[in-house]
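Overview (structure and organization)
Spelled out, the chains give:
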2 protein chains.
Amino acid sequence: MQRALKQAHLALAADEVPIGAIIVDADGNVIAEAHNRVETDADPSAHAEMLAIREACRIRGDKYLPDCDLYVTLEPCAMCAQAIAFAHLRRIYFGAYDPKGGGVEHGARIFSQPTCHHRPEIYGGIMEQECGALLKDFFATKR
Amino acid sequence: MQRALKQAHLALAADEVPIGAIIVDADGNVIAEAHNRVETDADPSAHAEMLAIREACRIRGDKYLPDCDLYVTLEPCAMCAQAIAFAHLRRIYFGAYDPKGGGVEHGARIFSQPTCHHRPEIYGGIMEQECGALLKDFFATKR
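This one's a predicted model, so the numbers in the text were calculated from it and none came from an experiment. (Residues numbered from 1 in each chain as written. Chains lettered and ligands numbered in written order. Predicted model: local features only at pLDDT ≥ 70, side-chain atom pairs only at ≥ 80, totals over all residues. Heavy atoms only, no water.)

Moving on to the interface of chain B and chain A. Each partner contributes residues to the interface: chain B has 33 residues there, and chain A has 33 residues. Between chain B and chain A lies a buried interface of about 2,300 Å² when both sides are counted; carbon and sulfur atoms form 67% of it. Taken together, the links from chain B to chain A amount to four salt bridges. Note that lysine 63 of chain B and glutamate 39 of chain A form a salt bridge whose closest N and O atoms lie 2.4 Å from each other. Linking chain B to chain A there are five residue pairs in polar contact (both at pLDDT 80 or more). Mapped onto the side of chain B that touches chain A, the elements with two or more residues apiece are α2 (38-41), α3 (48-60) and α4 (78-86) of chain B. (Contact = heavy atoms within 4.5 Å. Buried area = accessible area lost by both parts, 1.4 Å probe. Salt bridge = Lys/Arg side-chain N within 4 Å of Asp/Glu carboxyl O. Polar contact = N/O pair within 3.5 Å; in protein donor to acceptor, adjacent residues only side chain to side chain. Helix = DSSP H or I, 4+ residues; strand = E, 2+ residues; numbered from the N terminus.)

Okay, structure coming up:
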(Lines give C-alpha, C1' and ligand atoms only; values in the text may rest on other atoms or scores of the structure.)
Protein backbone atom coordinates (compact mmCIF):
# COMPACT_ATOMS: atom_id res chain seq x y z
CA MET A 1 0.00 0.00 0.00
CA GLN A 2 3.05 2.25 0.48
CA ARG A 3 3.66 1.96 -3.23
CA ALA A 4 0.00 2.74 -4.08
CA LEU A 5 0.25 5.79 -1.80
CA LYS A 6 3.31 6.90 -3.73
CA GLN A 7 1.17 6.81 -6.87
CA ALA A 8 -1.52 8.82 -5.06
CA HIS A 9 1.12 11.47 -4.28
CA LEU A 10 1.99 11.59 -7.99
CA ALA A 11 -1.70 12.23 -8.74
CA LEU A 12 -1.68 15.04 -6.18
CA ALA A 13 1.37 16.60 -7.84
CA ALA A 14 -0.59 16.58 -11.14
CA ASP A 15 -3.59 18.24 -9.41
CA GLU A 16 -5.63 15.05 -9.77
CA VAL A 17 -7.76 13.54 -7.01
CA PRO A 18 -4.99 11.69 -5.12
CA ILE A 19 -5.71 8.00 -5.63
CA GLY A 20 -3.13 5.40 -6.58
CA ALA A 21 -3.21 1.69 -7.39
CA ILE A 22 -0.79 -1.13 -8.07
CA ILE A 23 -1.18 -4.71 -9.24
CA VAL A 24 1.07 -7.39 -7.79
CA ASP A 25 1.53 -10.93 -9.08
CA ALA A 26 1.71 -14.12 -7.00
CA ASP A 27 5.48 -13.71 -6.55
CA GLY A 28 5.03 -10.20 -5.15
CA ASN A 29 6.26 -8.42 -8.29
CA VAL A 30 4.54 -5.13 -9.09
CA ILE A 31 3.39 -5.56 -12.68
CA ALA A 32 1.46 -2.30 -13.05
CA GLU A 33 1.06 0.94 -11.16
CA ALA A 34 -1.09 3.95 -11.95
CA HIS A 35 -2.71 7.01 -10.51
CA ASN A 36 -5.92 8.80 -11.27
CA ARG A 37 -5.65 10.70 -14.60
CA VAL A 38 -9.26 11.82 -15.17
CA GLU A 39 -8.37 15.51 -15.60
CA THR A 40 -5.07 15.02 -17.43
CA ASP A 41 -6.58 12.63 -19.97
CA ALA A 42 -10.08 14.21 -19.98
CA ASP A 43 -11.26 10.62 -19.54
CA PRO A 44 -13.98 9.90 -16.95
CA SER A 45 -12.90 6.25 -16.85
CA ALA A 46 -9.23 6.99 -16.08
CA HIS A 47 -9.36 5.91 -12.45
CA ALA A 48 -6.18 4.48 -10.92
CA GLU A 49 -7.59 0.94 -10.75
CA MET A 50 -8.83 0.96 -14.36
CA LEU A 51 -5.49 2.17 -15.66
CA ALA A 52 -3.59 -0.40 -13.58
CA ILE A 53 -5.85 -3.24 -14.77
CA ARG A 54 -5.56 -2.20 -18.41
CA GLU A 55 -1.78 -1.89 -18.10
CA ALA A 56 -1.39 -5.29 -16.40
CA CYS A 57 -3.60 -6.96 -19.03
CA ARG A 58 -1.66 -5.25 -21.81
CA ILE A 59 1.65 -6.49 -20.39
CA ARG A 60 0.32 -10.01 -19.90
CA GLY A 61 -1.64 -10.09 -23.18
CA ASP A 62 -4.49 -11.59 -21.16
CA LYS A 63 -7.89 -10.25 -20.13
CA TYR A 64 -7.70 -12.27 -16.89
CA LEU A 65 -5.37 -11.70 -13.90
CA PRO A 66 -6.43 -14.55 -11.57
CA ASP A 67 -3.06 -14.76 -9.80
CA CYS A 68 -2.88 -11.01 -9.13
CA ASP A 69 -3.85 -8.69 -6.30
CA LEU A 70 -4.82 -5.01 -6.49
CA TYR A 71 -3.83 -2.41 -3.90
CA VAL A 72 -5.70 0.89 -4.12
CA THR A 73 -5.79 3.83 -1.71
CA LEU A 74 -9.59 4.30 -1.85
CA GLU A 75 -12.52 1.89 -1.93
CA PRO A 76 -13.18 1.23 -5.65
CA CYS A 77 -16.27 2.76 -7.26
CA ALA A 78 -18.85 0.58 -9.03
CA MET A 79 -17.11 1.01 -12.40
CA CYS A 80 -13.75 -0.17 -11.06
CA ALA A 81 -15.27 -2.91 -8.90
CA GLN A 82 -17.02 -4.39 -11.95
CA ALA A 83 -13.77 -4.16 -13.95
CA ILE A 84 -12.00 -5.98 -11.08
CA ALA A 85 -14.63 -8.73 -11.35
CA PHE A 86 -14.21 -8.96 -15.14
CA ALA A 87 -10.41 -9.22 -14.72
CA HIS A 88 -10.79 -12.06 -12.17
CA LEU A 89 -8.38 -10.42 -9.73
CA ARG A 90 -7.60 -12.61 -6.72
CA ARG A 91 -7.61 -10.08 -3.87
CA ILE A 92 -8.29 -6.39 -3.37
CA TYR A 93 -6.68 -4.37 -0.60
CA PHE A 94 -8.07 -0.87 -0.29
CA GLY A 95 -7.24 2.07 1.98
CA ALA A 96 -9.98 4.54 2.89
CA TYR A 97 -13.69 3.69 2.78
CA ASP A 98 -15.81 5.83 0.43
CA PRO A 99 -19.41 6.19 1.64
CA LYS A 100 -20.20 8.79 -1.07
CA GLY A 101 -18.87 6.99 -4.13
CA GLY A 102 -17.75 3.49 -3.18
CA GLY A 103 -19.13 0.43 -4.93
CA VAL A 104 -17.73 -2.37 -2.76
CA GLU A 105 -18.97 -1.75 0.79
CA HIS A 106 -21.39 1.02 -0.25
CA GLY A 107 -24.00 1.76 -2.92
CA ALA A 108 -24.01 -0.83 -5.70
CA ARG A 109 -22.04 -3.39 -3.61
CA ILE A 110 -20.93 -4.93 -6.89
CA PHE A 111 -19.52 -8.18 -5.51
CA SER A 112 -22.77 -9.03 -3.74
CA GLN A 113 -24.87 -8.79 -6.91
CA PRO A 114 -26.19 -11.87 -8.73
CA THR A 115 -24.97 -10.17 -11.95
CA CYS A 116 -21.36 -10.30 -10.66
CA HIS A 117 -19.67 -13.55 -11.64
CA HIS A 118 -16.35 -13.25 -9.83
CA ARG A 119 -15.79 -12.18 -6.23
CA PRO A 120 -12.23 -11.45 -5.09
CA GLU A 121 -11.12 -11.58 -1.46
CA ILE A 122 -11.57 -8.07 -0.08
CA TYR A 123 -9.55 -6.33 2.62
CA GLY A 124 -10.55 -2.73 3.41
CA GLY A 125 -9.12 -0.08 5.71
CA ILE A 126 -5.43 -0.81 4.98
CA MET A 127 -3.43 2.31 5.99
CA GLU A 128 -6.84 3.98 6.07
CA GLN A 129 -5.56 7.03 7.97
CA GLU A 130 -2.82 7.98 5.49
CA CYS A 131 -4.93 7.20 2.41
CA GLY A 132 -7.92 9.18 3.69
CA ALA A 133 -5.91 12.17 4.97
CA LEU A 134 -4.41 12.69 1.52
CA LEU A 135 -7.91 12.92 -0.01
CA LYS A 136 -9.32 15.12 2.78
CA ASP A 137 -6.42 17.58 2.47
CA PHE A 138 -6.84 17.69 -1.33
CA PHE A 139 -10.54 18.51 -1.17
CA ALA A 140 -9.98 21.04 1.63
CA THR A 141 -7.64 23.02 -0.64
CA LYS A 142 -10.26 22.95 -3.42
CA ARG A 143 -12.94 24.61 -1.26
CA MET B 1 -29.69 2.08 -33.13
CA GLN B 2 -29.20 0.87 -36.72
CA ARG B 3 -25.73 2.36 -36.58
CA ALA B 4 -24.96 0.73 -33.20
CA LEU B 5 -26.14 -2.58 -34.67
CA LYS B 6 -23.73 -2.09 -37.55
CA GLN B 7 -20.94 -1.83 -34.96
CA ALA B 8 -22.24 -5.01 -33.28
CA HIS B 9 -21.93 -6.78 -36.64
CA LEU B 10 -18.31 -5.59 -36.88
CA ALA B 11 -17.70 -7.14 -33.44
CA LEU B 12 -19.23 -10.39 -34.68
CA ALA B 13 -16.93 -10.38 -37.71
CA ALA B 14 -13.98 -10.07 -35.28
CA ASP B 15 -15.33 -13.01 -33.20
CA GLU B 16 -16.13 -10.65 -30.32
CA VAL B 17 -19.40 -10.73 -28.35
CA PRO B 18 -21.54 -8.68 -30.78
CA ILE B 19 -22.28 -5.43 -28.98
CA GLY B 20 -22.01 -1.99 -30.56
CA ALA B 21 -22.42 1.58 -29.31
CA ILE B 22 -22.49 5.09 -30.70
CA ILE B 23 -22.53 8.55 -29.14
CA VAL B 24 -24.57 11.28 -30.77
CA ASP B 25 -24.43 15.01 -30.00
CA ALA B 26 -27.39 17.38 -29.65
CA ASP B 27 -27.42 18.07 -33.40
CA GLY B 28 -27.65 14.36 -34.20
CA ASN B 29 -24.03 14.00 -35.31
CA VAL B 30 -22.38 10.68 -34.45
CA ILE B 31 -19.19 11.71 -32.64
CA ALA B 32 -17.96 8.25 -31.64
CA GLU B 33 -18.75 4.65 -32.49
CA ALA B 34 -17.24 1.46 -31.17
CA HIS B 35 -17.75 -2.23 -30.72
CA ASN B 36 -16.72 -4.66 -28.05
CA ARG B 37 -12.96 -5.38 -28.28
CA VAL B 38 -12.33 -7.37 -25.08
CA GLU B 39 -10.69 -10.31 -26.87
CA THR B 40 -8.86 -8.33 -29.55
CA ASP B 41 -7.33 -5.92 -27.02
CA ALA B 42 -7.09 -8.45 -24.13
CA ASP B 43 -8.73 -5.69 -22.10
CA PRO B 44 -11.62 -6.62 -19.78
CA SER B 45 -12.80 -3.00 -19.82
CA ALA B 46 -12.99 -2.71 -23.62
CA HIS B 47 -16.80 -2.78 -23.80
CA ALA B 48 -18.43 -0.90 -26.68
CA GLU B 49 -19.82 1.82 -24.39
CA MET B 50 -16.49 2.41 -22.60
CA LEU B 51 -14.62 2.72 -25.88
CA ALA B 52 -17.25 5.08 -27.33
CA ILE B 53 -17.21 7.29 -24.20
CA ARG B 54 -13.41 7.43 -24.14
CA GLU B 55 -13.31 8.25 -27.85
CA ALA B 56 -15.96 10.99 -27.57
CA CYS B 57 -14.17 12.55 -24.57
CA ARG B 58 -10.86 12.38 -26.40
CA ILE B 59 -12.32 14.16 -29.44
CA ARG B 60 -14.01 16.79 -27.28
CA GLY B 61 -11.10 17.16 -24.84
CA ASP B 62 -13.69 17.06 -22.07
CA LYS B 63 -14.52 14.48 -19.40
CA TYR B 64 -18.21 15.47 -19.57
CA LEU B 65 -20.65 14.87 -22.43
CA PRO B 66 -23.84 16.47 -21.04
CA ASP B 67 -25.32 17.23 -24.48
CA CYS B 68 -24.76 13.70 -25.81
CA ASP B 69 -26.78 10.50 -26.01
CA LEU B 70 -25.52 6.91 -26.08
CA TYR B 71 -27.07 4.15 -28.17
CA VAL B 72 -25.95 0.62 -27.29
CA THR B 73 -27.31 -2.73 -28.42
CA LEU B 74 -27.33 -4.33 -24.94
CA GLU B 75 -28.25 -3.05 -21.47
CA PRO B 76 -24.99 -1.62 -20.04
CA CYS B 77 -23.21 -3.55 -17.27
CA ALA B 78 -22.43 -1.89 -13.92
CA MET B 79 -18.98 -0.79 -15.13
CA CYS B 80 -20.35 0.96 -18.20
CA ALA B 81 -23.38 2.38 -16.37
CA GLN B 82 -21.10 4.00 -13.78
CA ALA B 83 -18.88 5.38 -16.58
CA ILE B 84 -22.04 6.80 -18.23
CA ALA B 85 -22.86 8.54 -14.94
CA PHE B 86 -19.31 9.92 -14.64
CA ALA B 87 -19.50 11.26 -18.23
CA HIS B 88 -22.83 13.00 -17.51
CA LEU B 89 -24.43 11.59 -20.67
CA ARG B 90 -27.90 12.99 -21.31
CA ARG B 91 -29.79 9.90 -22.49
CA ILE B 92 -29.18 6.19 -22.95
CA TYR B 93 -31.02 4.12 -25.50
CA PHE B 94 -30.32 0.41 -25.21
CA GLY B 95 -31.47 -2.61 -27.18
CA ALA B 96 -31.76 -5.99 -25.44
CA TYR B 97 -32.23 -6.35 -21.68
CA ASP B 98 -29.49 -8.30 -19.87
CA PRO B 99 -30.79 -10.10 -16.75
CA LYS B 100 -27.48 -11.96 -16.27
CA GLY B 101 -25.04 -9.05 -16.51
CA GLY B 102 -26.96 -5.78 -16.77
CA GLY B 103 -26.39 -2.96 -14.30
CA VAL B 104 -29.20 -0.57 -15.25
CA GLU B 105 -32.46 -2.53 -14.84
CA HIS B 106 -30.80 -5.50 -13.13
CA GLY B 107 -28.23 -6.26 -10.43
CA ALA B 108 -26.42 -3.14 -9.22
CA ARG B 109 -29.05 -0.78 -10.73
CA ILE B 110 -26.35 1.89 -10.80
CA PHE B 111 -28.56 4.89 -11.48
CA SER B 112 -30.77 4.15 -8.44
CA GLN B 113 -27.86 4.15 -5.99
CA PRO B 114 -27.20 7.02 -3.58
CA THR B 115 -23.53 6.75 -4.65
CA CYS B 116 -24.51 7.66 -8.24
CA HIS B 117 -24.50 11.42 -8.78
CA HIS B 118 -25.85 11.68 -12.33
CA ARG B 119 -28.86 9.90 -13.76
CA PRO B 120 -29.44 10.04 -17.53
CA GLU B 121 -32.84 9.51 -19.16
CA ILE B 122 -33.07 5.79 -19.93
CA TYR B 123 -34.92 4.10 -22.79
CA GLY B 124 -34.60 0.30 -22.97
CA GLY B 125 -35.83 -2.30 -25.45
CA ILE B 126 -35.08 -0.26 -28.61
CA MET B 127 -34.89 -2.74 -31.54
CA GLU B 128 -34.70 -5.35 -28.80
CA GLN B 129 -35.44 -8.24 -31.17
CA GLU B 130 -32.58 -7.56 -33.61
CA CYS B 131 -30.08 -6.68 -30.87
CA GLY B 132 -30.90 -9.76 -28.81
CA ALA B 133 -31.02 -12.18 -31.76
CA LEU B 134 -27.46 -11.24 -32.74
CA LEU B 135 -26.23 -12.14 -29.24
CA LYS B 136 -28.28 -15.35 -29.01
CA ASP B 137 -26.97 -16.57 -32.36
CA PHE B 138 -23.39 -15.76 -31.34
CA PHE B 139 -23.58 -17.72 -28.10
CA ALA B 140 -25.38 -20.61 -29.81
CA THR B 141 -22.42 -21.04 -32.18
CA LYS B 142 -20.03 -21.04 -29.18
CA ARG B 143 -21.77 -23.95 -27.45
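Residues and elements named next belong to chain B. Here α3 crosses α4 at 25°, and the two axes come no closer than 9 Å. Classified by the angle their axes make, α3 and α4 are roughly parallel. Judged by the twist between their axes, the crossing of α3 over α4 is left-handed. Here Glu49, Met50 and Ile53 of α3 lie close against α4, whose contacting residues are Met79, Cys80, Ala83 and Ile84. Partitioning the contact of α3 with α4 into residue classes produces six nonpolar, no polar and one charged. (Axes fitted to C-alpha atoms, helices over the stretch in contact; angles between N-to-C directions. Parallel < 35°, antiparallel > 145°, perpendicular 65-115°, else oblique. Left-handed = near helix turned anticlockwise from the far one by under 90°. Nonpolar A, V, L, I, M, F, W, Y, C, P; charged D, E, K, R; others polar.)

Moving on, we get to the pattern of salt bridges. Residue and element names in this part refer to chain A. Taken as a whole and judged by the stated rule, the model has 20 salt bridges over all chains. One salt bridge in this structure joins glutamate 121 and arginine 91, with 3.2 Å as the shortest N-O distance. Of this pair, glutamate 121 sits in strand β5 (residues 121-123) while arginine 91 sits in strand β4 (residues 91-96), and the two are 30 residues apart along the sequence. Given the relative accessible area of 36%, glutamate 121 is considered partly exposed. Residue classification places arginine 91 among the partly exposed positions, given a relative accessible area of 23%. (Buried < 20%, exposed > 50% of the residue type's maximum accessible area, 1.4 Å probe, protein only.)

Residue and element names in this part refer to chain A. Bridge count for strand β1 (residues 20-24) against strand β2 (residues 30-35) is five bridges, and the pairing is antiparallel. Across the sheet, the residue bridging to isoleucine 22 is glutamate 33, located in β2. Counting the residues between successive antiparallel strands, the hairpin from β1 to β2 contains five residues, one of them, glycine 28, with a positive phi of roughly 90°. (Pairing = 2+ DSSP bridges.)

Glancing now at helix α4 (residues 78-86) of chain A. For α4 of chain A, the buried fraction is high: eight of the nine residues fall into the buried class. Looking at the packing, one finds that the buried side of α4 of chain A touches α3 (48-60), β3 (69-74) and β4 of chain A together with α3 and α4 of chain B.

Turning to the confidence of the model for chain A, a few remarks are in order. Averaged over every residue, the pLDDT of chain A is 97; the share at 70 or more is 100%. The ipTM for the predicted assembly is 0.96, set against a pTM of 0.97. (pLDDT = per-residue confidence, 0-100.)

Moving on, we get to the environment of threonine 115 of chain B. The residue threonine 115 of chain B is located in the loop between β4 (91-96) and β5 (121-123) in this model. In this structure the C-alpha to C-alpha distance between threonine 115 of chain B and isoleucine 126 of chain B, which are eleven residues apart in sequence, comes to 28 Å. Leaving out residues up to four positions away in the same chain, threonine 115 of chain B has contacts with Pro99, Lys100, Gly101, Gly102, His106, Gly107 and Ala108 of chain A.

Another aspect to go through is the packing of aromatic side chains. All names here are of chain A. Tallied over the entire structure, the rule returns eight aromatic pairs over all chains. Measuring from centroid to centroid gives 4.5 Å for tyrosine 71 and tyrosine 93, while their planes differ by 10°, and the two rings are stacked. With tyrosine 71 in strand β3 and tyrosine 93 in strand β4, this residue pair connects regions lying 22 residues apart in the sequence. Considering the side-chain rings of phenylalanine 94 and tyrosine 97, the 5.0 Å spacing of their centres and the 80° angle between planes classify their relative orientation as edge-to-face. Using a relative accessible area of 0% as the deciding quantity, one classes phenylalanine 94 as buried. (Phe/Tyr/Trp six-rings, centres within 6.5 Å; stacked < 30°, edge-to-face > 60°.)

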